[in-house]
Each structure stands twice: as C-alpha cells, then as structure tokens.
Amino acid sequence: MHLSGQSLLVIIIVGIVAGWLAGRVMEGGGFGLIGDLLVGLVGALIGDWLLPRLGIHLGQGIVALIMNAFIGAVVLLLLLRLVGGGGWGYRRGWRGRWR
C-alpha cells in the first residue's frame, strides 16, 4: 500500500477534526492537537471495524470519513471512561461546573 502526501494530509485532517469533535462532545473540550489527532486516528480504526459489523454505511467522501472517525472516537472515549473509572461528576463534569 502506498500513501501519497495528499492522502496522508487527508488522514491527519480527518483525525484532528474527529478527535476534536469527540473531545468536545465527551469532555466539553479538546485534548490538544496531538491528543485530538491520536483519538481521531484510533477512532477511525474503531469506526472502520465497528460500523460495517452493525450494518451502518455512511457513504463516501470526507464528511463520511469524519463521521465514521467521530463515531469511533466517541466509542473509544466511552470505553476509556469505563475502564478508567469514569469520574464524570467529580473531575470536569456537571457538578464541577455548577458550584
């Protein structure tokens, strides 16, 4: 498999956008440029594996790639929260915002 510079750029952009969106949805903020990229890239792998098994096909194009990676990134963050003990109410969650 050969990746051109243009396809690598698309992968990086999709990863950053998907990771940033997942960070905003799950925690209320991003994880920084590198953190967003890593979450988005791993999320894209999870989304590419999970969605076809569920019978979900989002189509083709950059928007479909971003949505696929976003869904995978949200699943990744949910799994990390479950394994890591959660802490939504005490770390950065609703209780901390309203005090």
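Presented here is an overview of the structure given in this document. What you see is a predicted model; the values in this text were computed from it and never measured. (Residues numbered from 1 in each chain as written. Predicted model: local features only at pLDDT ≥ 70, side-chain atom pairs only at ≥ 80, totals over all residues. Heavy atoms only, no water.)

1. Some remarks on the layout of surface pockets
Then, number 1: There is about 240 Å³ of room inside the largest pocket.
Then, number 2: Looking at the largest pocket, the residues that line it are Val-10, Ile-11, Val-14, Gly-15, Gly-40, Leu-41, Ala-44, Leu-45, Asp-48, Leu-65, Asn-68 and Ala-69.
Then, number 3: Counting residues per element, the ones that place at least two in the lining of the largest pocket are α1 (5-27), α2 (33-53) and α3 (62-84).
Then, number 4: Of the residues contributing to the lining of the largest pocket, the split by class is eight nonpolar, three polar and one charged. (1 Å grid on protein atoms, 1.4 Å probe; cavity = no way out; pocket = protein on both sides within 12 Å on 5 of 7 lines; lining within 4 Å. Points joined across faces, edges and corners; volume = space filled by probe spheres on them. Helix = DSSP H or I, 4+ residues; strand = E, 2+ residues; numbered from the N terminus. Nonpolar A, V, L, I, M, F, W, Y, C, P; charged D, E, K, R; others polar.)

2. A closer look at the nonpolar core
Then, number 1: Core analysis: the largest hydrophobic core is formed by twelve residues, namely Val-14, Ala-18, Ala-22, Met-26, Val-39, Ile-66, Ala-69, Phe-70, Ala-73, Val-74, Leu-76 and Leu-77.
Then, number 2: Take this core: its biggest share by element is seven residues, from α3.
Then, number 3: Val-14 has contacts with Ile-62, Leu-65, Ile-66 and Ala-69, leaving out every residue within four places of it along the chain. (Core = buried A, V, L, I, M, F, W, Y, C linked by side-chain atoms within 4.5 Å. Buried < 20%, exposed > 50% of the residue type's maximum accessible area, 1.4 Å probe, protein only. Contact = heavy atoms within 4.5 Å.)

3. Observations concerning α3
Then, number 1: Compared with an ideal rise of 1.5 Å per residue, which puts 23 residues at 33 Å, α3 spans 32 Å between its outermost C-alpha atoms and is within 8% of the ideal.
Then, number 2: Among all positions in α3, only Ala-64, Ile-66, Asn-68, Ala-69, Phe-70, Gly-72, Ala-73, Val-74, Leu-76 and Leu-77 are buried. (Expected span 1.5 Å × (residues − 1).)

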